[in-house]
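# Architecture at a glance
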Amino acid sequence: MSHAAASTDHEHKPYQQHHFESMEQQTQSTLLGIWLFMAQEILFFGGLFAAYTVYRILYPQAWAMGAGTQNVFLGMVNTIVLIGSSLSIVLAVHSARHNDKKGILKWFALTLLLGLVFFGVKAIEYGTKWDHQLVPGLNWDDGHALHTIQEHAPKNVEINELPKGIQLYYSLYFVMTGMHALHMIIGFGLAIWIMIKAARGRFNAEYYPHVEYFGLYWHFVDIVWIFLFPLLYLV
Amino acid sequence: MNDNNTTPPLNYLTNGHTVKSWLLTVDHKRIGILYLIAMTCFFLIGATAATLFRLELATHNANVLANDTYNRLFTMHGIIMVFFFLIPAVPGVLGNFFVPLMIGAKDVAFPRLNLASWYIYMAGGLFTLAAIIGGGIDTGWTFYTPYSSVYADSHVILAGTGVFITGFSSILTGLNFIVTIHKMRAPGLTWMRLPLFIWAQYSTAIINVLGTPVLAITLLLVLAERVLGFGIFDPQKGGDPVLYQHMFWFYSHPAVYIMILPGFGVVSEVLACFSRKRIYGYEFVAFSSLAIAAIGFFVWGHHMFTSSQSPYAGLIFSILTYLVGIPTAIKIFNWTATLYKGSVQLSAPMLYTLGFIGLFLVGGLTGLFLATKAINVHLHDTYFVVAHFHYVMVGGMMMAWLAGLHFWWPKMFGKLYNEFWARVGAVIIFFGFNFTFFPQFIAGYMGMPRRYHVYDIEYQPFQMLSTAGAFFMGIGLIICLVTLVSSLITGKASGKNPWKATGLEWNYASSPPDTHNFTVPIKVDVEAYDYTDERIYQDA
């Protein structure tokens, strides 16, 4: 598929794939493709949010008590960290637009770093839940769970038994945050791939779709967290 | 791979003969052929399972299979046929091959992603095959919880993972088609000039992209429950199995439109060609595909009238289900009107297509029976339901698939099949199909439940007829297969446009097409299905 030999009536730019008629067509196609991908992502998480809604309506008490055991401070830290990483990825796109290779690498590195901080905090949170035996199926313990919930309850509320559906809260907590984390891990892989491309000078001010689309993807992952944080911690 | 003027252009089949040139191809036509081969294999596996349990059902007591084997066989039949044949058949094979050709593009928008979709499909298929070889799965193709997530003693994890993975192939193919149809059309090819096959593929792709991820997350939750012991659908932990059914059918009802809409597209093409007429009410047929895709998302509850779903929700689902009947009926009426005063030619693809219209009509109308809540309570989980969806899926979709395969076969391989034997195959399949599934309507109406291995002797005549019919249909399918495959060796060269059909694929591309599809720039200046256009009657 050598582009030089394509002696057709239009000139191919080096980064135009040859089955496209023009660079504009290529750009529009990939942009539409990435938005459709986002649409399917929304439906993917939509299934989880639907399950969440149904069970929260069924078991409001379990939700209130489950959320009570969360560490809101750590959740807040993670929210800020992720918003920060969104900012840094915007700055990476900005650097790409201005043909600044070092800028792309720098801001991508910061994004990854913030992502790692997020994982560190998440690991602490998961670890705490493991210690409190709050992982359904794997090490769930009714007595221990009740104890933890009593500890976290407001002073004037007395809790004598576990609310119905409490395991559902934790199951959904782990599935939802786990799926979110999986998307971040995939993002890490993509980011490293794009950094390698950037380091090799594959992008310039006219052509940096990977950087831009990664930005969209990363924002999407952030937005999911923006929904998860209030739904799982603050209810 | 330079297509400069000094060397004669190679067609896509002769351009490279190595295994690698096939397995690493990004050519949408070769990927279509890869799907064709894989899908035929899956179809044969699914059909073998059906043959075995049909044999068992011929008599009312158990004499061929053990209970458990019977359960595993019908589950395997369902999973393979639904996820590895019906859903990807027309989009994967005919869609991949012809969407770019019909819109005058060199390829789909994302050729490498397209190849990746095939590999994802194969990976899903391998997981499912592993589940079968390992001993199978006995949950039924619907994976209902909590049986699937807690109690089933079979390979739910492998099969579930297989279906989960294959879903991504649907999503990515759908994404590819939407972008291709939006952005890659030849100059002058406006939306209202598109062949109806493209409209159908477009509508299907929308459902693929928006519906499949919900199935993915649902299966993931089932797997989390089964592997990790999370409680999402397990009543012991407060979970609701009916929520599983909602989430499953939110995808799996639109999925029947994923299966049938591409078939509608095929029917429009074949019918126009062999009636030598423009499809009557083109705009209505085009938009009815979109209408089906849209309304189809809001009818899933009609699978759950006998569950604990609210009766009021059931009422709304029932009404919405009737609504889907409207765009479907629009299509049937317009196709029939297309035949009126057309110059009808009963070629093999046309026989399949006419068979489709009749059988789909029966399937569709019995769907209205089932959408009626009161009748549904009586017919739920009986053979009536089995007959209904086989009329739609086999009588509808499989007939349309065979119509399309015969119709485009000369374009795909440049060879004409034996018309006489192809017609014989079509007629035998039609009658065999009716013998197989019509008795099931009666048995179901009399109250015979589906998925039973041993049954009351009063149903035996119907089951016996069914089994005999299935073997008849099997003979038809074998004739069809032999006819098509032997044409590759002994068939006459077809020439560019053997049916004198309209459409860019027939008039601008050679048979088989060149690697880059077209050698001349394309500019479209006519409506779709303009059978008065002199140009299609000139031989190239």
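What counts and how
Residues numbered from 1 in each chain as written. Chains lettered and ligands numbered in written order. Predicted model: local features only at pLDDT ≥ 70, side-chain atom pairs only at ≥ 80, totals over all residues. Heavy atoms only, no water. Phe/Tyr/Trp six-rings, centres within 6.5 Å; stacked < 30°, edge-to-face > 60°. Helix = DSSP H or I, 4+ residues; strand = E, 2+ residues; numbered from the N terminus. Buried < 20%, exposed > 50% of the residue type's maximum accessible area, 1.4 Å probe, protein only. Lys NZ or Arg CZ within 6 Å of the ring centre and 35° of its normal. Core = buried A, V, L, I, M, F, W, Y, C linked by side-chain atoms within 4.5 Å. Contact = heavy atoms within 4.5 Å. Expected span 1.5 Å × (residues − 1). Bend = angle between axes of the 7 residues up to and from the residue. Buried area = accessible area lost by both parts, 1.4 Å probe. Salt bridge = Lys/Arg side-chain N within 4 Å of Asp/Glu carboxyl O. Polar contact = N/O pair within 3.5 Å; in protein donor to acceptor, adjacent residues only side chain to side chain.

### What to know about the packing of aromatic side chains
Residues and elements named next belong to chain B.
- Overall, the coordinates contain 71 aromatic pairs over all chains when judged by the stated rule.
- Ring centres of F356 and F360 lie 5.4 Å apart, and the angle between their planes is 0°; on these two criteria the pair is classed as stacked. A residue pair is termed a helical-turn pair when its members lie 3 or 4 positions apart in one helix, as F356 and F360 do in helix α12 (residues 348-371) at 4 residues.
- The class for F356 is buried, based on a relative accessible area of 0%.
- For the ring pair F407 and W506, a centre distance of 5.4 Å and an interplane angle of 65° mean the geometry is edge-to-face. Here F407, found in helix α14 (residues 383-413), pairs with W506, found in helix α17 (residues 504-507); they are 99 residues apart in sequence, far enough to count as distant. Neither residue differs from the other here; F407 and W506 are each classed as buried.
- Here the basic side chain of R30 rests over the ring of W22, its NZ or CZ set 4.1 Å away from the ring centre.

### Observations regarding the nonpolar core
- If you look at the biggest cluster of nonpolar residues, it comprises 246 residues, and the most contacted ones within it are W401 and M412 of chain B.
- Discounting chain neighbours no more than four positions away, the residues touching M412 of chain B are Y12, L13, I33, L36, V93, L94, F97, F98 and P512 of chain B.

### Focus: helix α8 (residues 196-228) of chain B
All names here are of chain B.
- Spanning 33 residues, α8 covers 47 Å between terminal C-alpha atoms, matching the ideal 48 Å at 1.5 Å per step.
- The principal kink in α8, of about 30°, is found at G211, preceding the proline P213 by one to four residues.
- Within α8, 28 of the 33 residues are buried, which leaves it mostly tucked inside the rest of the structure.
- Positive phi shows up at G229, right after α8, with a value of about 80°.

### Focus: the interface of chain B and chain A
- Of the residues lining the interface, 39 residues belong to chain B; the matching set on chain A comes to 40 residues.
- Approximately 3,300 Å² of surface area, both sides summed, lies buried where chain B meets chain A, with 72% of it carried by carbon and sulfur atoms.
- Among the residues of chain B in contact with chain A, K106, K183 and F230 of chain B are the three that bury the most area, contributing 18% of the side total.
- Our count for the chain B to chain A interface comes out at 1 salt bridge.
- The salt bridge involving K106 of chain B is made with E21 of chain A; its shortest N-O contact spans 3.9 Å.
- Connecting chain B to chain A are 9 residue pairs in polar contact (both at pLDDT 80 or more).
- Counting residues per element, the ones that place at least two in the side of chain B that touches chain A are α5 (111-133), α7 (156-183), α8 and α9 (241-275) of chain B.

Honestly, it's all geometry; don't read function into it.
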